[in-house]
Amino acid sequence: MLTIDRREIKEMIEHRHIGNLAELSLLIGLPLQESTLEAGDFAFLNHNSEPDAIERCAISNYMQKLRSGELESQLTRCSENFSNVTLLIEDIYDEVGGLLSHYKKSKEGNAYYRVRIEPSTHYSEIKASIIRLSELGFEVLESPNFNCSLQIIKTIYNNRRKADSSHTLFSKIRAIKIPAKLSKNPAVPRLLALCPRM
């Protein structure tokens, strides 16, 4: 079962015109439960019974949290409480004259239009922060809108709950394994045994 933070469901009811948890459950196609999470917006147990989290934010919210330091504290709490953390950045954005530009979907739903160019935010800053988060072990995914975000959350949930052996996509690619012995020094295998395997 997918757990959603109470604050997240409140935001969805206020701003996304979702009536209640049952309606959101039908929209996402998964059983949901509401709870107060210490970190993350969504949480569930993966196939190894380890807790995973998804933090969802719009690009404008991401920018504000990045500047204020709130994003770092949120992701620190997530990494302390969960084995895998996914940051899902929502909205369409691009670069205009080196600056970050936001887009919204038209009422007809067939196009996106520019709504704002951030005068003090460079596009490269945002991309550099996303690359840095990936280097630190956070999975960063992007979504064009709320409905796509829900489908991405459902896909993450379904894939992470499957055992590795049941995945068929990229099944020939293997995880890197550390050799048992890298040196003639007898202390090296003992030291490697203390390190978690990749």
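Colleague: Could you give an account of the pattern of salt bridges, with specific residues and numbers?
Modeller: A complete count under the given rule lists eleven salt bridges for this structure. For the salt bridge of Lys127 with Glu142, the shortest nitrogen-to-oxygen distance reads 3.0 Å. Of this pair, Lys127 sits in helix α5 (residues 123–135) while Glu142 sits in strand β9 (residues 139–143), and the two are 15 residues apart along the sequence. Looking at Glu142, the relative accessible area reads 36%, which means it is partly exposed.

Colleague: Which residues make up the sheet that holds strand β6 (residues 92–96), and what values do they have?
Modeller: Pairing within the open sheet is antiparallel, and its three strands lie in the order β6-β7-β8. A single partner strand is all that each edge strand has here, and the edge strands are β6 and β8 (112–122). Neighbour to neighbour, the strand axes of the sheet diverge by 30° on average, direction disregarded. Relative to β8, strand β7 (residues 99–105) is paired through six bridges, and the arrangement is antiparallel. Note that in β8 the partner of Lys104 across the bridge is Tyr113. Of the strands in this sheet, β6, β7 and β8 are in contact with helix α3 (residues 59–68), which crosses β7 at around 145°. Across the sheet, α5 touches β6, β7 and β8, and the angle it forms with β8 is around 85°.

Colleague: Residue-level account of the packing of aromatic side chains, with values.
Modeller: In total, this model carries two aromatic pairs according to the counting rule given. Ring centres of Phe44 and Tyr157 lie 5.2 Å apart, and the angle between their planes is 70°; on these two criteria the pair is classed as edge-to-face. Taken as a pair, Phe44 in strand β3 (residues 42–45) and Tyr157 in helix α6 (residues 146–160) lie far apart in primary sequence, 113 residues in all. With respect to class, Phe44 is no different from Tyr157; both count as buried. Measuring from ring centre to ring centre gives 6.1 Å for Tyr93 and Tyr123, while their planes differ by 50°; the resulting arrangement is tilted. Of this pair, Tyr93 sits in strand β6 while Tyr123 is found in helix α5, placing the two residues 30 residues apart along the sequence.

Colleague: Describe the environment of Arg161, and please don't skip the residues or the numbers.
Modeller: With respect to the helices and strands, Arg161 occurs in the loop between α6 and α7 (187–194). Of the residues examined, Arg161 reaches a relative accessible area of 39% and is grouped as partly exposed.

Colleague: Quick rundown of the pairing of β6? Include the residues and the values.
Modeller: Summarising the sheet, β6 and β7 pair through five bridges and their orientation is antiparallel. Within β7, the position partnered with Ile92 by the bridge is Tyr103. Adjacent in sequence and paired antiparallel, β6 and β7 are bridged by two residues, among which Gly97 carries a positive phi angle near 60°.

Rules of the game
Residues numbered from 1 in each chain as written. Predicted model: local features only at pLDDT ≥ 70, side-chain atom pairs only at ≥ 80, totals over all residues. Heavy atoms only, no water. Salt bridge = Lys/Arg side-chain N within 4 Å of Asp/Glu carboxyl O. Helix = DSSP H or I, 4+ residues; strand = E, 2+ residues; numbered from the N terminus. Buried < 20%, exposed > 50% of the residue type's maximum accessible area, 1.4 Å probe, protein only. Pairing = 2+ DSSP bridges. Axes fitted to C-alpha atoms, helices over the stretch in contact; angles between N-to-C directions. Contact = heavy atoms within 4.5 Å. Phe/Tyr/Trp six-rings, centres within 6.5 Å; stacked < 30°, edge-to-face > 60°.

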